[in-house]
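# Commentary on secondary and tertiary structure
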Amino acid sequence: MSSDSSRRIQVPEELKEVLLQFSISFLVEQPPDVIDYAVEYFTKLQAERPSVSHTDHSTDDQLSVNSQDADEPPVMASSRRKSVFAEAYDPEADDDDDGATAVFPKTDEQRARLVESVKNVLLFRSLEKEQMNQVLDAMFERKVQPGDYIIRQGDDGDNFYVIESGVYKVFINDKHINTYNHTGLFGELALLYNMPRAATVQAETSGLLWAMDRQTFRRILLKSAFRKRKMYEELLNSVPMLKALQNYERMNLADALVSKSYDSGERIIKQGDAADGMYFIEEGTVSVRMDQDDAEVEISQLGKGQYFGELALVTHRPRAASVYATGGVVKLAFLDVKAFERLLGPCMDIMKRNIDDYESQLVKIFGSKNNITDTR
Ligand code: 1OR
Ligand code: 1OR
């Protein structure tokens, strides 16, 4: 009967796969416009496929993790094969709030180790003291042996882990893509975006992890972490230099940023000072000025999507210039020097090239090299 055959419409596997991967990338990246993103995504996919073929695509074709151009967008989650179609996700509407969080009693010694391990966890940065205590209470210790699988790609997310010790390797489709050495965290993505595990994580050595269950993660951390990644997403996508980072690395950068505002005329950086971090401009403009014969000369103006304060961090020298807020309130995202060193390695070459530019400009403006980059 015809009604029978109409019920048997088959959705081709390839279509399912492509749409699933697109949806996951979309949800992870949260671009402002679905159509624009789709055009960009599929154009890229088309350009990247080796040849036109309708046969089975090996997932590796579509993944090519580390070998891509710096600016490719939709890579990150492309390997998730197992379904669980992540529905459009709004953490504000999310209500996982079901009673008290678990408390795992700890000895003083354990608690001290835990506090030490979470010290640099960026996701915890914006927590209030009370929330931080809840987080510490809810974490439990897990010992691992070499070869143990902590997370398997495609599984549903149960825990999120902070590393106290041990080396952990990350694989996507059996390809080694990342390594954690005795520090860091993993397993947050599946809990944050309500999606299957993006990668497999395996212990290379014995080690110690601090785990937090899904409920606690979602109750205490989800909204703040999600909001922050979302808030800085547009900014980070608009800074050309950061195209050298993978999407996942940009998310980690978002966790590390701290917002700061300055009124027009306020000094943000003083020439000659020691450096504690760098800035990305979210809104407004700044004026870069250099001391010259007892006066300050403006050498540059910078606006939205640009950055400054990197020079002293790269050269380990005092600030080469002063920077002032100009024209209305200036909103900046500050990255401290520790996070800079940990997270911006892949951008170092680009920054160094820009610094070479400063030097040639310096010669043009002042007629001589002012020692902005010479190391003593
Ligand atoms: P999860 O809950 O999805 C696997 O479980 C974890 O591996 C994941 O959270 C991250 O915490 C961690 N892309 C995706 N996940 C990664 C990556 C990664 N590295 C570590 N994890 N990439 C590596 C970036 C240097 C991007 C690969 C394209
Ligand atoms: P910083 O950490 O030394 C001052 O603090 C910042 O001003 C510096 O990092 C740069 O990010 C930014 N020469 C030196 N620093 C500059 C320059 C610059 N422009 C912006 N900064 N020049 C201007 C080139 C158009 C060359 C000097 C004439």
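Provided above is the structure to which this section pertains.
Since the structure is predicted, the reported quantities are computational estimates derived from the model, not experimental observations.

Another point: the nonpolar core. Within the largest apolar cluster, 47 residues are counted, with the highest numbers of intra-cluster contacts made by Leu242, Ile268, Phe280, Phe308, Leu335 and Leu344. Membership of the second largest hydrophobic core comes to 44 residues, among which are Phe124, Phe160, Ile163 and Tyr180.

With that settled, consider the packing of aromatic side chains. Following the criterion strictly, the structure yields 12 aromatic pairs and no others. The interplanar angle of 70° and the centroid separation of 6.2 Å between the aromatic rings of Phe124 and Phe160 together place this pair among those described as edge-to-face. You can see Phe124 sitting in the loop between helix 5 (108-118) and helix 6 (129-138) and its partner Phe160 sitting in strand 3 (residues 159-165), a full 36 residues away along the chain. Since its relative accessible area comes to 0%, Phe160 is described here as buried.

On to the sheet that holds strand 3, then. With antiparallel pairing, 4 strands are arranged side by side in an open sheet as 1-8-3-6. Each end of this open sheet is capped by a strand with a single partner; those strands are strand 1 (140-144) and strand 6 (185-186). Of the pairings in the sheet, the one linking strand 3 to strand 8 (residues 207-213) comprises 6 bridges and is antiparallel in character. Within strand 8, the residue paired with Asn159 across the bridge is Asp213. Across the sheet, helix 8 (residues 214-238) touches strand 3 and strand 8, and the angle it forms with strand 8 is around 65°.

Close contacts around ligand 2 come from 18 residues, with Gly309, Glu310, Ala312, Arg319 and Ala320 the closest. Ala312 is positioned with one of its backbone polar atoms (N or O) 3.0 Å from an oxygen atom of ligand 2. At 2.8 Å from an oxygen atom of ligand 2 is found a main-chain nitrogen or oxygen belonging to Ala320. Compared with its free state, where it exposes 580 Å², ligand 2 has 94% of that area covered by protein. Among the secondary structure elements, those contributing two or more residues to the shell around ligand 2 are strand 11 (277-292), helix 10 (311-315) and helix 12 (348-366). Per element, the largest residue contribution to the shell around ligand 2 is 4 residues, and it comes from helix 12. Looking at the shell around ligand 2 residue by residue, the classes come out as 14 nonpolar, 2 polar and 2 charged.

Turning to the site of ligand 1, a few remarks are in order. Around ligand 1, the surrounding shell holds 21 residues, and the nearest of these are Gly187, Glu188, Ala190, Arg197 and Ala198. Taking Ala190, its main chain carries an N or O atom lying 2.9 Å from an oxygen atom of ligand 1. The separation between an oxygen atom of ligand 1 and a polar side-chain atom of Arg197 is 2.7 Å. Look at ligand 1: alone it shows 590 Å² of surface, and the protein chains cover 98% of it.

Once that is clear, we can look at helix 8. Where helix 8 bends most, at Leu221, the angle is about 60°. For helix 8, the N-terminal cap is Asp213; the gap from its side-chain oxygen to the backbone nitrogen of Gln215 is 2.9 Å.

Attention now goes to the pattern of salt bridges. Going through the model one piece at a time under the given rule, you end up with 12 salt bridges. Glu116 is the partner of Lys119 in a salt bridge, and the nearest nitrogen-oxygen pair spans 3.3 Å. Across the salt bridge formed by Arg229 and Asp255, the nearest N and O atoms sit 2.8 Å from each other. Here Asp255 lies in helix 9 (residues 247-256) and Arg229 lies in helix 8, a separation of 26 residues in the sequence. We note that Arg229, like Asp255, is buried. Residues joined in a network through salt bridges with shared partners are Glu109, Arg113, Glu141 and Glu164.

Procedures and definitions
- Residues numbered from 1 in each chain as written.
- Chains lettered and ligands numbered in written order.
- Predicted model: local features only at pLDDT ≥ 70, side-chain atom pairs only at ≥ 80, totals over all residues.
- Heavy atoms only, no water.
- Core = buried A, V, L, I, M, F, W, Y, C linked by side-chain atoms within 4.5 Å.
- Buried < 20%, exposed > 50% of the residue type's maximum accessible area, 1.4 Å probe, protein only.
- Phe/Tyr/Trp six-rings, centres within 6.5 Å; stacked < 30°, edge-to-face > 60°.
- Helix = DSSP H or I, 4+ residues; strand = E, 2+ residues; numbered from the N terminus.
- Pairing = 2+ DSSP bridges.
- Contact = heavy atoms within 4.5 Å.
- Axes fitted to C-alpha atoms, helices over the stretch in contact; angles between N-to-C directions.
- Near = heavy atom within 4 Å.
- Polar contact = N/O pair within 3.5 Å; in protein donor to acceptor, adjacent residues only side chain to side chain.
- Areas by Shrake-Rupley, 256 points an atom, 1.4 Å probe, with all protein chains shown as cover.
- Nonpolar A, V, L, I, M, F, W, Y, C, P; charged D, E, K, R; others polar.
- Bend = angle between axes of the 7 residues up to and from the residue.
- Salt bridge = Lys/Arg side-chain N within 4 Å of Asp/Glu carboxyl O.

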